[in-house]
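Results of the structural survey
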Amino acid sequence: MLLEVGEKRRIDVGFVILHYLVFEETKHAVDTVMDHIDTEAYHIVIVDNASCNGSGEQLMEAYAGNDHVSVIINEENLGFAKGNNIGFRYIRSHFEAAFIILSNNDVYLTEKRLTEKLYAEYDQNRFAVLGPKIILKNGSDDSNPYSWDTKIDEKKIKKNIREFRKRYFLEKFRIKYPYYKVRNLFWKISGYRRWRKQEDQSGRRMLEEKLKTEGRLWNVRLHGCFWVFSPIYIEKFDGLEERTFMYMEEEILYLIMRCEGLTTEYDPDIEVYHAEDVSTNALKMTDRRRQMFEYQNYIRSLKVWLLIYHEYQQKR
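Residues numbered from 1 in each chain as written. Predicted model: local features only at pLDDT ≥ 70, side-chain atom pairs only at ≥ 80, totals over all residues. Heavy atoms only, no water.

1. Let's talk about the packing of aromatic side chains
So the rule is basically this: Paired rings are identified among Phe, Tyr and Trp, the last through its six-membered ring, by centres lying within 6.5 Å, and are further divided according to the angle between planes into stacked (under 30 degrees), edge-to-face (over 60) and tilted (the rest). Numbering of helices and strands runs from the N terminus, with a helix taken as a DSSP run of H or I at least four residues long and a strand as a DSSP run of E at least two residues long. We call a residue buried when its accessible area falls under 20% of the maximum for its residue type, exposed when it is over 50%, and partly exposed in between, using a 1.4 Å probe and counting protein chains only.
On inspection of all chains with the given rule, the structure shows 16 aromatic pairs. Judged by centre distance (6.3 Å) and plane angle (80 degrees), the ring pair of Phe-80 and Trp-227 falls under edge-to-face. In this pair, Phe-80 is assigned in helix H3 (residues 79-94) and Trp-227 in strand S9 (residues 226-229), connecting sequence segments 147 residues apart. The same class applies to Phe-80 and to Trp-227, which are both buried. On the numbers, 4.1 Å between centres and 10 degrees between planes, the contact of Tyr-247 with Tyr-298 is stacked. Of this pair, Tyr-247 sits in the loop between helix H8 (231-236) and helix H9 (249-260) while Tyr-298 sits in helix H11 (residues 287-315), and the two are 51 residues apart along the sequence.

So, in structure tokens, the structure goes:
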């Protein structure tokens, strides 16, 4: 039974599911939450990011009269961070939520003791943001933590900006394939490809060894398809950093958490299933246009990442 706190209802967990175009996938994501959640004190907010196919209205009709689900239809596509923040702020303004979860519409809840585990983990470790084990379609479970490399510096960010500018240039002038053919041949002859692969495998092995010995990992970058925000985060922040449209949200969140002295935690005892990139794949774009769209947004988001890095450096 939900407890009343002033005009707000007290709930254990509020879910924000950002929707775009794909009705069946979003409905399945919402239904898996309702099927598996281990509390009656929960609420789901579906945020339709201005889908042009009427699927937001379909969802509103599908869950009309369901006290556990609200549907918000944005007038324009706000992107990942701003879109999620619409739902995050809706939950904060209407409920007293112990936890707020931002979940992609292609992530399906399979965990049957979610709130029980979240309360226990928070009581013990006081995380600000938690990420679960993510099972992919091919059965792998190594996409979370998002990366074993947790180093942050200006040189690394600028290197990423240069890399995506190069990719955009190659795609724009249609010289990507000859460039990579020559580059890969050079890598093969020089032995760089073998060294690079060994470096990547070494980093992955380090991560796997830490998981074997520690079970959980703290202060790592977490995959953005399913984030659990605790009372520590909810009290301090009003959602995500929203100067990006899409991409680099994981890196930016990790940077902010480290600079604020707050803890991120990877908990493999909680599992979700990720169908991966359903909404992005639904966009009616050629491969080339999609690549250029992605590169442009990566560049913009990397610049925001660099700006935030400088802002925190100035505060020191």
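2. A look at the pairing of strand S10 (residues 264-274)
Using the following cut-off: Pairing between two strands requires that DSSP report at least two bridges joining them.
With eight of its 11 residues buried, S10 lies for the most part within the structure. Of the pairings in the sheet, the one linking strand S7 (residues 129-136) to S10 comprises eight bridges and is parallel in character. Considered in S10, the bridge of Val-129 is made with Thr-264. Relative to S10, strand S8 (residues 217-218) runs antiparallel, the two being bridged by two bridges. Bridge assignment links Leu-217 to a residue of S10, and that residue is Tyr-266.

3. Some points on the pairing of strand S5 (residues 95-104)
In terms of burial, S5 is a largely internal element, eight of the 10 residues being buried. Across nine bridges, strand S2 (residues 8-19) lies against S5 in parallel orientation. Within S5, the position partnered with Leu-18 by the bridge is Asn-104. The pairing of S5 with S9 spans four bridges and is antiparallel.

4. A closer look at a nonpolar patch on the surface
Short version of the rule: Patch rule: a residue counts if its relative accessible area is over 30% and it has no salt bridge; like charges are joined within 9 Å, and nonpolar side chains (Val, Leu, Ile, Met, Phe, Trp, Tyr) within 5 Å. Every accessible area reported is derived by Shrake-Rupley at a probe size of 1.4 Å, with residue values counting cover from the shown protein chains alone. Salt bridges are identified by distance alone: a Lys or Arg side-chain nitrogen within 4 Å of an Asp or Glu carboxyl oxygen.
Taken together, Phe-169, Phe-173 and Ile-175 make up a surface patch of nonpolar side chains, about 280 Å² in accessible area. Along the chain, Ile-175 turns up in the loop between helix H5 (154-172) and helix H6 (176-190). Relative accessible area serves as the criterion here: at 33%, Ile-175 is assigned to the partly exposed category.

5. Observations regarding the packing of helix H1 (residues 23-36) against helix H2 (residues 55-62)
This is how the line gets drawn: Lines are fitted to the C-alpha atoms to define the axes, a helix being fitted only along its stretch in contact, and any angle between axes, read from their N-to-C directions, falls within 0 to 180 degrees. Helix crossings are classified by the rotation of the near helix relative to the far one: an anticlockwise turn of less than a right angle makes the crossing left-handed, while a clockwise turn makes it right-handed. Throughout, a contact is declared for two residues whenever any of their heavy atoms are within 4.5 Å. Polarity classes work like this: nonpolar for Ala, Val, Leu, Ile, Met, Phe, Trp, Tyr, Cys and Pro, charged for Asp, Glu, Lys and Arg, and polar for all others, with Gly in that last group.
At their nearest, the axes of H1 and H2 sit 10 Å apart, and the two run at 35 degrees to each other. Once H1 is placed against H2, the crossing between them reads as right-handed. Contacts between H1 and H2 pair Phe-23, Thr-26 and Lys-27 from the former with Ser-55, Gln-58, Leu-59 and Ala-62 from the latter. The residue makeup of the contact of H1 with H2, split by class, is three nonpolar, three polar and one charged.

6. As for the nonpolar core
Applied cut-off: To form a nonpolar core, buried Ala, Val, Leu, Ile, Met, Phe, Trp, Tyr and Cys residues must be joined to one another through side-chain atoms within 4.5 Å.
With 48 residues, the main nonpolar core has Val-129, Trp-227, Phe-229, Tyr-233 and Met-257 as its most contacted residues. The biggest single contributor to this core is H11, with nine residues. Those residues in contact with Trp-227 that sit more than four places away from it in its chain are Phe-80, Ile-100, Ile-101, Leu-102, Val-129, Leu-130, Leu-222, Leu-240, Glu-249, Glu-250 and Leu-253.

7. Overview of the packing of H5 against H11
Let me state the cut-off plainly: Note that the term roughly parallel is reserved for angles under 35 degrees, roughly antiparallel for angles over 145, roughly perpendicular for angles of 65 to 115, and oblique for everything else.
Where H5 meets H11, the axes come as close as 9 Å, and the angle between the chain directions of the two elements is 160 degrees. Between H5 and H11, the interaxial angle falls into the category roughly antiparallel. In this structure, H5 meets H11 at a crossing whose hand is left-handed. Per-class residue counts for the contact of H5 with H11 are 12 nonpolar, four polar and eight charged.

8. Section: the side chain of Asn-49
Test applied: Whenever two N or O atoms come within 3.5 Å, that pair is a polar contact, provided that in protein one can donate a hydrogen and the other can accept it, and provided that, for residues adjacent in sequence, both atoms are side-chain atoms.
Note on placement: Asn-49 falls in the loop between strand S3 (42-48) and H2. Judged by its relative accessible area of 4%, Asn-49 is buried. Polar contacts involving the side chain of Asn-49 include one to the main-chain carbonyl oxygen of Gly-79, which spans 3.0 Å.

9. With respect to H2
What counts, and what does not: As used here, the arc belongs to the directions running from the helix axis to the C-beta atoms.
Looking only at H2, the buried set comprises Ser-55, Gly-56 and Leu-59. End-on, the buried residues of H2 take up no more than an arc of 110 degrees, which puts them together on one face. Along its buried surface, H2 packs onto S2, H1, S3 and strand S4 (69-73).

Everything listed here is a matter of coordinates, which is why it stays silent on function.
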